[in-house]
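Structural features, examined
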Amino acid sequence: MSKVRRLRTRAGGTMEPMANRLADATSPYLLQHKDNPVDWWPWSEEAFAEARRRDVPVLLSVGYAACHWCHVMAHESFEDDETAAIVNAGFVPVKVDREERPDVDAVYMEATQGMTGQGGWPMTCFLSPDGAPFYCGTYFPKPVFQRLLGSVTEAWRDRRDDVRETGQRIVSALAAPRELTPAPLDAAVLDEAAASLRASYDEASGGFGGAPKFPPSMVLEFLLRRHSRTGDGLDMVVGTAEAMARGGMYDQLAGGFARYSVDAGWVVPHFEKMLYDNALLLRVYLHLWRETGSPLARRIVRETAGFLLGDLRTPEGGFASALDADAAGIEGLTYAWTPAQLISVLGYDDGEWAARLFSVTAAGTFEHGSSTLQLRADPDDHARWTTVREQLLAAREGRPQPARDDKVVTAWNGLAVAALAEAGALLGEPGWVIAAETAAELLLDTHLVHGRLRRSSRDGIAGRPAGVLEDYADLAEGLLALHQATAQPRWLAAAGDLLDTVLARFADGRGGFHDTADDAEQLIRRPWDPTDGPTPSGAAAAAGALLTHAALSDRTDHREAADAALAMLAPVVAAYPRAGGWAAAVAEAALAGPLQVAVTGGGELVDVARRGTSPGLVVVAGAPDAPGVPLLADRPLVDGQATAYVCRGFVCDRPSTDAAALAAQLRTLVQPSADGTTGRPRTGA
């Protein structure tokens, strides 16, 4: 078979491969493929026009930069001249970064799951030139992929009518109306959801269900909030949070969580480290510390914040999307250890001690006799632990390091802004709040173009793909957390503008939301998914941000929109609580009010207010009648003292200048001390 490859002449008259059409992409994932012999196109109308001109199918390949099996398929097939020749001769190949185009990914992932019963990345789909999928799968080894390419080429040539009929049947199935019947998302539904979660809870290892185990961030937030209402379910949060933090899924040396655990015991991770997981988990552990005073939870908050700021922060002040699963082409190379390697770095005595501490054995827990590091119990010698940890981390930095996907995704940065703003305010870390402000400024200055969000940027330059629902909702969530941390009116105003766009452009007319705007690119169907994935669903995130904004601004239209969205999400929570965690968490906040607290004058009252555990609690502290801060309007000092005003809706309690009385109002069950230990318990309503 002839090898078709575009070449160019370089100095001296020799030939070298030409970069394909991905060379100008902003996505690091697409740039990984710019020198492939496959003649890739980015997702574009021009690519489909070329398929129509040549009368060939489209080969759609979807992945992301930190994906291990995406790299494997790239090395085996897309970097192979023979395979590339088959692709180029018979197809128009289109490469998509799923993180940059979640709308494209969602549509064709649904087709893939419908055809195969499962999904994942890399996703490999064959489409007719009108975009209809007629064969889908995920990773294919090179020999299988080459045979598949031949079979699809033959079917397109000899059985065209059958192929087109299959594609149209799939498009019709995807386009069929799917509606949820609104229902009250009330205490009864939430309690039944919690009972269902209890039935699937792993008492031995934490988490829900069996392997593989993903961090159930949104479910844990729901259970924490429900515990505030019922006093039940905290054990599931504590058990899961401790198991994740002590297992190999957590980086015991540098902080930060990997994407998921391949086993039920959280021992061996899939090593990629994603911004969204770490932002969401930072808030979970922060709220767990606020509820219990757990020193472990507090430590994880600090270390995870350190990971975000140290490893993921970009020069422009945003946060990169991920660290790769691989280093030098080997998964986990940076992170796994053998006993001999520990001894080589630390010496015999400390190496043996570290091996016991980290559960590193001769047999190994990972591959080739190596082990991930676990910390099943806190070390009894803190000074020794500190020295050992520093030495191992220094040695690890000399190993090949994972690549960083440095595109700045709007939604995930919104989650990071929310986490750092809230954690900085709660733990007295003003630097974290400043970092959150810097990221928010980047998003509003660079990603907001003519009043509409772009999905991502890189090197301070906004990409072309439009923002989707989660971008607007999660950024609004972050800005609202910043408003509470700083009392700056600009963050509240910007969040309100984003949410007004959500209602104008994404609403479905029944109380729910589409995932793309009404003027977005038309795909074979308009994406709509009310279920959580690794991040909150766009609809649930919008409901949460609308509810919080209403509590901070007294905008009744936003409260009404939040309630309507929750009603649309009630069937998801009732039927699939593990996929409705954030909707359930937002519903707990709605049931609780949420409580609104304005503190004028500062001091101890601010600290007590922020440590309150009433679900969805909003707190703003500042000068009385501060301009642009609705919660501080008409809230004077009482007798010249700092004063707290607690309201629910339009009903307010008597102003209080007493910290203990405020703690009771806000259900501040535990007052953690500065060192993270548990202080005296509080009782509350």
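Quick note: structure is the one above.
Residues numbered from 1 in each chain as written. Predicted model: local features only at pLDDT ≥ 70, side-chain atom pairs only at ≥ 80, totals over all residues. Heavy atoms only, no water.

A count of helical and extended segments in the chain gives 24 helices and 23 strands. Computed over the C-alpha atoms, the radius of gyration of the chain is 26 Å, within 12% of the 26 Å expected from 2.2 N^0.38 for a compact globule of 685 residues. Buried residues in the chain amount to 59% of all 685 residues. Taking the intrachain contacts of the chain between residues at least 6 apart in sequence as the baseline, contacts between residues at least 24 apart amount to 67%. Only carbon and sulfur atoms are counted for the fraction: they give 52% of the accessible area of the chain, which is about 25,700 Å². Of the charged side chains in the chain, 64 are positive and 89 negative; the average position of the first set lies 2 Å away from that of the second. (Helix = DSSP H or I, 4+ residues; strand = E, 2+ residues; numbered from the N terminus. Rg over C-alpha atoms; globule rule 2.2 N^0.38 Å. Buried < 20%, exposed > 50% of the residue type's maximum accessible area, 1.4 Å probe, protein only. Contact = heavy atoms within 4.5 Å. Areas by Shrake-Rupley, 256 points an atom, 1.4 Å probe, with all protein chains shown as cover. Lys, Arg positive; Asp, Glu negative; His and termini not counted. Charge placed at Lys NZ, Arg CZ, Asp CG, Glu CD.)

Spatially, the 4 strands line up as an open sheet ordered β21-β20-β22-β23, and their pairing is mixed. Each having just a single partner strand, β21 (618-622) and β23 (651-652) make up the two edges of the open sheet. As judged from the 5 bridges shared by strand β20 (residues 595-600) and β21, these two strands associate in the parallel manner. Paired with Val-597 across the strands is Val-619, a residue of β21. (Pairing = 2+ DSSP bridges.)

This part covers the pairing of strand β7 (residues 133-137). Buried residues dominate β7, accounting for 4 of its 5 residues. Sheet topology note: the strand β6 (residues 123-127)/β7 ladder contains 4 bridges and is antiparallel. The residue bridging Phe-126 from the neighbouring strand is Tyr-135, located in β7. What sits between β6 and β7 in their antiparallel hairpin is a turn of 5 residues, with Gly-131 showing a positive phi close to 95°.

Once that is clear, we can look at the environment of His-270. Position of His-270 relative to the elements: it lies in strand β9 (residues 269-270). Here His-270 is in contact with His-68, Ala-258, Arg-259, Tyr-260, Val-262, Ala-325 and Glu-331, once residues within four sequence places are set aside.

The next thing to look at is the packing of helix α12 (residues 295-312) against helix α16 (residues 410-427). It is the contact of α12 with α16, at a shortest axis distance of 11 Å, that shows an interaxial angle of 130°. When the axis of α12 is compared with that of α16, the two are oblique. The hand of the α12/α16 crossing is left-handed. Within the contact between the two elements, α12 uses Arg-298, Val-301, Arg-302, Ala-305, Leu-308 and Leu-309 and α16 uses Leu-420, Ala-423 and Leu-427. (Axes fitted to C-alpha atoms, helices over the stretch in contact; angles between N-to-C directions. Parallel < 35°, antiparallel > 145°, perpendicular 65-115°, else oblique. Left-handed = near helix turned anticlockwise from the far one by under 90°.)

Once that is clear, we can look at the sheet that holds strand β10 (residues 273-274). Backbone hydrogen bonds hold the strands of a sheet together, and the pairing may be parallel or antiparallel. If you walk across this open sheet you meet the 3 strands as β10-β11-β14, and the pairing is antiparallel. Either end of the sheet is taken by a strand with one partner, and the two such strands are β10 and β14 (404-405). Here β10 runs beside strand β11 (residues 322-323); their pairing, made up of 2 bridges, is antiparallel. Directly across from Met-274, in β11, lies its bridge partner Ala-322.

You can see Thr-600 is positioned in strand β20. When its relative accessible area of 0% is taken as the criterion, Thr-600 is described as buried.

All chains considered together, the criterion is met by 19 aromatic pairs. Ring geometry for Tyr-201 versus Phe-208: centroids 5.7 Å apart, planes at 55°, classification tilted. Seen in terms of ring centroids, Phe-257 and Tyr-285 are 5.6 Å apart; in terms of plane orientation they differ by 20°. Their pairing is stacked. Of this pair, Phe-257 sits in the loop between α10 (234-246) and β8 (260-261) while Tyr-285 sits in helix α11 (residues 275-292); the two residues are 28 residues apart in sequence, bridging distant segments of the chain. Each of the two residues, Phe-257 as well as Tyr-285, counts as buried. The structure contains a cluster of three or more aromatic residues connected by ring pairs, namely Trp-40, Phe-78, Phe-140 and Phe-145. The ring of Tyr-64 is capped by Arg-98, whose NZ or CZ atom sits 5.5 Å from the centre of that ring. One Lys or Arg, Arg-98, reaches over the ring of Trp-121 and ends 3.9 Å from the middle of that ring. (Phe/Tyr/Trp six-rings, centres within 6.5 Å; stacked < 30°, edge-to-face > 60°. Lys NZ or Arg CZ within 6 Å of the ring centre and 35° of its normal.)

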